[in-house]
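Here are the chains, one letter per residue:
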Amino acid sequence: MFKKITLFLIFICYSVLGQTSYRNLSSENWLFNKQGETKKYKATIPGTVHTDLFANQLIPDPFFGANEKQLQWIENENWEYETTFSLSEKEISNENIELEFEGLDTYATVFLNGKIVLEADNMFRKWIISAKNQLKKGKNQLKIVFQSAVQKGKEEAAKLSYTLPEKERVFVRKAQYQFGWDWGPRFVTAGICRKVQLKFWNNATFEDAKHEQVYVSEKLAKLNFILQIKSQRDQEIKIFHNEKYYYFYLIKGKNELKIPVSIENPKLWWCHGLGDPYQFLFQFEIIYKDTIIDYTAVKVGIRKIEFIQDKDEFGTSFYFKLNGKPVFMKGANYIPQDSFIPKQTPSSYHELVQNARKANMNMLRVWGGGVYADDEFYNACDANGILVWQDFMFACAMYPGDEKFVENVKQEVIDNVNRLQNHPSIALWCGNNENDEGWHNWGWQKQFQYSKADSTKIWNDYKKVFHEVIPQTLDRLLSKEKNLYWPSSPSIGWGRKESLSQGDSHYWGVWWGKEPFETYQKKVGRFMSEYGFQGMPNMVTLEKVIPKEDFNFTSEAFKNHQKHPTGFETINEYMARDFPVPSALEKYNYVSQILQAYGMKTAIEAHRLAKPYCMGSLYWQLNDCWPVTSWSTLDYYGNWKAAHYQVKESFAPIFFAVTENENKLSIIGGNDNLDAISGTLVVKLIDFSGNELWTASKECTLDVEKNTNCLQISNAELPKFDKEKTVLVLAFTSNHTKTVAHHYFVKPKDLRLEKPNIEIKIVGETLIELKTNTLAKNVYLEANDTFFEENYFDLVPGIPKIIKTQKPTQETKVLSLFDAMNE
């Protein structure tokens with residue numbers, strides 16, 4: 001009882017005697033207008049000018065139809081935002097008042113009570129202004145003028161005697177994808193894109209808190225917490241942590257304090273599939289004259305990540321160890337979840353990461369053409385055991401190297417590394433996406449007619465940023481175990497032989513090179529950090545943004561939601577190779593999705609079969625920023641495309657694949673768990689009517705360091721069978737799980753399918769059972785916005801399938817490949 005009363009009295013003092021506190025200015029009444037116009041409209045903070053214009057019915061829905069094209073004028077205008085707020089006598093009496101902007105997009109002049117207090121020029125930075133002397137009791141005015149990022153970029157570009165690839169966007173430190181990409185629209189935004197607040201503090205306040213791992217074993221973990229504290233004056237304070245006081249003498253200004261912490265028998269943080277992503281919570285209080293004046297908390301996942309590049313007989317390895325264990329990385333590339341980033345909510349970040357986890361992923365790459373994601377994204381990755389490959393925000397271009405630009409980048413790195421470094425999910429920092437490859441392989445020198453002096457200057461500027469400034473800044477900010485850096489992804493372009501024997505690989509021979517899916521089996525690198533294929537989103541997604549009368553491939557609205565210049569042409573070409581090409585749009589949509597899934601299965605299977613030569617498979621791309629036909633496996637609204645269901649199966653901890661040659665079949669098993677797993681493998685050759693033509697079984701143990709050749713079947717062992725009407729069904733059963741896989745002997749278009757009679761029976765509140773009289777290929781289920789745990793699956797006669805649904809369902813629409821083949 002005494003402890004409770006004491007704590008209560010302490011917090012009464014804390015609330016009265018000048019503790020650090022915050023006032024959220026985002027919730028004040030904000031107004032905006034186009035510069036030069038007097039009429040003002042209501043604004044939402046955080047937000048963008050595009051979303052504010054739409055909310056005030058001044059523009060049509062930017063995502064609908066071909067509206068994008070008529071809204072390009074917005075990027076060339078300047079915009080003004082303003083609000084008023086009142087400060088009480090108590091608030092203004094604080095010793096320090098700071099105005100904090102967590103994000104301004106991008107060129108912003110900030111006026112406080114008519115005086116310029118900030119000139120911002122970087123969307124990715126946090127801006128803090130000492131505002132005590134500019135504020136007053138009562139009414140205060142805050143005004144922000146945003147200049148056109150496009151115009152500012154063009155002004156900077158005009159200062160050079162040569163043209164850099166991608167022109168104005170490379171001069172502007174804002175999200176590069178907003179200038180348009182081959183999966184996203186061009187909406188070059190402006191606005192207060194993150195929270196704005198006032199911070200009141202007295203005596204001393206926390207500026208930052210980070211940790212470093214000094215020593216970790218099964219029995220003991222030793223950490224140092226580095227607390228950065230700003231002090232109003234020279235003074236003595238105490239830090240209270242874990243029922244213990246630490247005494248320090250602060251000097252006026254910035255101070256850095258170190259507090260050692262030991263943990264006996266520490267629980268380690270593991271990525272998904274290998275263990276619990278356990279996190280400890282450490283809390284610290286600043287005590288001044290027996291009063292709590294500030295508080296901070298740090299979540300820590302204790303883990304050891306190693307980035308291994310060792311010379312070997314093939315070239316140089318490229319893989320990660322987690323807590324001493326080599327880990328095959330399975331995942332995808334993450335792009336911003338919206339063209340208008342402030343529209344996203346904490347729940348949207350968590351839902352997306354959970355969808356990655358459900359698909360058996362353990363790593364996401366935050367791609368360099370987007371943004372440093374919101375804190376909630378990284379919190380979700382921490383909680384779900386998803387490791388993060390973190391690019392810095394540079395992509396597919398060359399960038400300037402003048403002193404002002406480089407200093408701006410340096411501060412950007414400082415702000416974001418300080419913000420993100422405590423997250424146990426962060427595995428690697430990467431300088432950029434495809435800048436190095438572009439310079440060496442994309443023909444820029446010839447395209448832009450660079451002189452030798454121009455080329456030397458551009459390449460030296462590149463090295464200054466990515467080989468000097470960024471790694472040197474990381475050296476100053478990060479402790480050794482956190483400081484894993486890779487200058488550019490990929491290190492070598494996909495057209496070069498060396499790209500498959502060292503570094504990470506972006507393989508685009510499939511899609512861009514129009515090579516067949518089978519090429520994936522030959523082009524396997526040490527770590528595949530990009531590859532992919534397009535598929536359309538679900539029809540329900542397209543219906544939200546395209547008028548029904550425009551549902552055809554020639555309408556402007558339809559074409560606007562396919563940003564690749566030859567996108568549908570490429571899909572058609574691949575579809576004709578392997579699948580039927582339906583004329584009806586709904587069936588074409590369905591086949592485009594199973595085509596994408598087919599390609600992803602081929603690629604991922606090849607990568608996993610090459611373990612441990614290949615130790616990572618991150619496909620392009622996880623998600624979309626608007627409703628579009630793209631490489632994503634989750635559409636803009638979070639719907640699973642067929643490829644996401646396939647990824648879930650292909651990334652499963654235990655997988656099986658069949659390889660064929662002229663004389664035999666080899667059944668290979670893979671195991672990504674921490675320990676070997678033993679079980680029984682049953683193989684059946686079944687015709688499409690359900691007749692069992694041949695069977696075999698074998699006990700096998702799946703290794704963890706390499707794949708296991710579980711069974712070899714000579715062609716002579718098998719009876720004669722019709723390859724166009726037969727499937728090989730594999731079932732592996734252990735104490736842990738049951739894994740089922742199917743192998744076909746011809747391309748999908750050559751299968752001689754018959755019309756299936758699929759029976760659906762409700763066997764539980766959220767369980768359905770499916771049976772068929774003949775093989776049903778790629779069965780797609782749809783019912784009242786219900787999510788099915790499995791979809792686009794194969795149903796074999798005699799082998800019923802039970803599927804869990806998100807909610808009870810009565811009527812279920814069914815589509816299979818037979819329907820697409822027989823319009």
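Our subject is the structure that appears above.
Just so we're clear, the structure is a prediction, and the values are computed from it rather than from any experiment. One numbering rule holds for all chains: residues counted from 1, following each sequence as written. In keeping with the model being predicted, local features are shown solely for residues with a pLDDT of at least 70 and side-chain atom pairs are shown and tallied solely at 80 or more, while totals for entire chains, interfaces and linings include all residues. Values reported for side chains reflect all heavy atoms of the structure, with hydrogen atoms and water molecules removed beforehand.

### Observations concerning the overall build of the protein
As a reminder of what qualifies: What counts as a helix is a DSSP run of H or I of at least four residues, what counts as a strand is a run of E of at least two, and both are numbered from the N terminus. Only C-alpha atoms enter the radius of gyration, while the globule expectation follows 2.2 Å times N to the 0.38, with N the number of residues. Throughout this description, buried means an accessible area under 20% of the type-specific maximum (1.4 Å probe, protein chains only), exposed means over 50%, and partly exposed covers the range between. Any two residues having at least one pair of non-hydrogen atoms within 4.5 Å are treated as being in contact. Note that accessible areas follow from Shrake-Rupley with a 1.4 Å probe, and for residues the cover is restricted to the protein chains shown. His is not counted here, nor are the chain ends, while Lys and Arg score as positive and Asp and Glu score as negative. A single reference atom marks each charge: NZ on Lys, CZ on Arg, CG on Asp, CD on Glu.
From N to C terminus, the protein includes 17 helices and 43 strands. A compact globule built from 823 residues should have a C-alpha radius of gyration of about 28 Å, and the protein, at 29 Å, falls within 12% of that. If you line up the protein on its principal axes, its C-alpha atoms span 90 × 65 × 65 Å. A total of 823 residues make up the protein; the buried ones form 59% of that total. In the protein, the proportion of contacts linking residues at least 24 apart, taken out of those at least 6 apart, comes to 70%. In the form shown here, the protein has an accessible surface area of approximately 34300 Å², with 48% of it arising from carbon and sulfur atoms. The protein carries 98 positive and 102 negative side-chain charges, and their two centres are separated by 3 Å.

### Examining the pairing of strand β13 (residues 204–216)
To keep things clear, this is the line we draw: Being paired, for any two strands, means DSSP has found at least two bridges between them.
Where β13 meets strand β14 (residues 220–231), 11 bridges bridge the pair, whose relative direction is antiparallel. Counted as the bridge partner of aspartate 208 is glutamine 228 from β14. The hairpin formed by β13 and β14 contains 3 residues between the paired strands.

### Here's the deal with helix α8 (residues 403–420)
Counted only if it meets this: Helix span, expected: 1.5 Å multiplied by one less than the number of residues in the helix.
Taking 1.5 Å of rise per residue, the 18 residues of α8 would be expected to cover 26 Å, and the 26 Å separating its terminal C-alpha atoms lies within 8% of that figure. Taken residue by residue, α8 has Phe405, Val406, Asn408, Val409, Glu412, Val413, Ile414, Asn416, Val417, Asn418 and Leu420 as its buried positions. Among the structural elements, β8 (115–121), β13, α7 (375–384), β25 (387–391), β26 (426–430) and α11 (452–477) are those in contact with the buried residues of α8.

### Some remarks on the pattern of salt bridges
As a reminder of what qualifies: Think of a salt bridge as a Lys or Arg side-chain nitrogen and an Asp or Glu carboxyl oxygen that are within 4 Å of each other.
Per the stated rule, a full pass over the model turns up 45 salt bridges. Residues glutamate 212 and lysine 258 are paired through a salt bridge, measuring 4.0 Å at the closest nitrogen-oxygen approach. Here glutamate 212, found in strand β13, pairs with lysine 258, found in strand β17 (residues 253–264); they are 46 residues apart in sequence, far enough to count as distant. For lysine 258, a relative accessible area of 47% gives the class partly exposed. Among the ionic pairs, glutamate 789 bridges to lysine 648, the shortest N-O distance being 3.9 Å. Placement of glutamate 789 in the loop between β40 (776–782) and β41 (793–795) and of lysine 648 in helix α16 (residues 642–650) is noted, with a sequence separation of 141 residues between them. Of the residues examined, glutamate 789 reaches a relative accessible area of 29% and is grouped as partly exposed.

### Details of a nonpolar patch on the surface
Formally: Each patch is built from residues lacking any salt bridge and having more than 30% relative accessible area; the joining distance is 9 Å for like charges and 5 Å for nonpolar side chains (Val, Leu, Ile, Met, Phe, Trp, Tyr).
On the surface, a nonpolar cluster with roughly 230 Å² of combined accessible area is contributed by Val763, Leu767 and Ile802. Mapping valine 763 onto the fold places it in strand β38 (residues 759–764). Judged by its relative accessible area of 39%, valine 763 falls in the partly exposed class.

### Structural notes on the side chain of aspartate 504
Threshold: Two N or O atoms form a polar contact when they lie within 3.5 Å of each other; inside protein one atom must be a possible hydrogen donor and the other a possible acceptor, and for residues adjacent in sequence the pair counts only when both atoms belong to side chains.
Among the secondary structure elements, aspartate 504 is positioned in the loop between β27 (485–486) and β28 (505–506). Comment: no salt bridge for buried aspartate 504; closest opposite-charge side chain is arginine 365, at 5.9 Å. At 2.6 Å, the side chain of aspartate 504 forms a polar contact with the side chain of serine 529. When sequence neighbours within four positions are dropped, the list of residues in contact with aspartate 504 reads Phe318, Trp389, Trp486, Ser488, Ser489, Pro490, Ser491, Phe527 and Ser529.

### A look at the packing of helix α6 (residues 346–358) against α7
To keep things clear, this is the line we draw: Under this scheme, a helix contributes an axis fitted over its contacting stretch, all axes are lines through C-alpha atoms, and angles between N-to-C directions fall in the 0 to 180 degree range. Left-handed describes a crossing whose near helix is turned anticlockwise from the far helix through less than a right angle; right-handed describes the clockwise counterpart. Classes in brief: Ala, Val, Leu, Ile, Met, Phe, Trp, Tyr, Cys and Pro nonpolar; Asp, Glu, Lys and Arg charged; the others, Gly included, polar.
Here α6 crosses α7 at 35°, and the two axes come no closer than 8 Å. By crossing handedness, the relation of α6 to α7 is classed as right-handed. Only Glu376, Phe377, Asn379, Ala380, Cys381 and Asn384 of α7 make contact with α6, whose side of the interface consists of Pro346, Tyr349, His350, Val353, Gln354 and Arg357. Of the residues in the contact of α6 with α7, the class split is 6 nonpolar, 4 polar and 2 charged.

### Quick look at the pairing of strand β4 (residues 79–87)
Where burial is concerned, most of β4 is hidden: 7 out of the 9 residues are buried. Inspection of the sheet shows strand β2 (residues 30–34) paired to β4 by 5 bridges, in the antiparallel sense. The residue of β4 that forms the bridge with asparagine 33 is glutamate 80. Here β4 runs beside strand β10 (residues 138–147); their pairing, made up of 9 bridges, is antiparallel. Paired with phenylalanine 85 across the strands is asparagine 140, a residue of β10.

### Overview of the nonpolar core
Stated precisely, the cut-off is as follows: Working definition of a nonpolar core: buried Ala, Val, Leu, Ile, Met, Phe, Trp, Tyr and Cys residues. They are joined through side-chain atoms within 4.5 Å.
One finds Tyr81, Phe101, Leu104, Met361, Phe377 and Phe392 to be the most contacted residues of the largest nonpolar core, which totals 186 residues. Top element by residues in this core is helix α15 (residues 585–609). It accounts for 11 residues. What phenylalanine 377 contacts, discounting residues up to four positions off in sequence, is Tyr334, Tyr349, Val353, Leu364, Val366 and Val388. In terms of nonpolar packing, the next biggest core, distinct from the first, is built from 26 residues, Phe206, Ile237, Phe282 and Ile302 among them.

### Regarding empty space enclosed by the protein
Convention followed: Cavity means a closed set of points on a 1 Å grid over the protein atoms alone, one where a 1.4 Å probe fits but cannot get out, pocket means an open set with protein on both sides within 12 Å along at least 5 of 7 lines, and lining means a residue has an atom within 4 Å of a point. Grid points are joined across faces, edges and corners, and a volume is the space filled by probe spheres set on the points.
Under the definition given, this model contains 5 cavities of 30 Å³ or more. If you add up the space inside the largest cavity, you get close to 90 Å³. In this structure, the largest cavity is lined by His211, Gln213, Gly301, Arg303, Gln421, Asn422, His423, Pro424, Ile426, Trp429, Glu481 and Lys482. Elements with a contribution of two residues or more to the lining of the largest cavity: β13 and β26. Residues that form the lining of the largest cavity fall into these classes: 3 nonpolar, 6 polar and 3 charged. Each pocket or cavity is described by its volume, and for the second largest cavity that value is around 70 Å³.

### Re the side chain of glutamine 562
The topology assignment puts glutamine 562 in the loop between α13 (556–560) and α14 (567–578). For glutamine 562, the side chain forms a polar contact with the side chain of glutamine 534, separated by 2.8 Å. When residues no more than four places from it in sequence are discounted, the contact partners of glutamine 562 are Gln534, Gly567, Phe568, Ile571, Val628 and Thr629.

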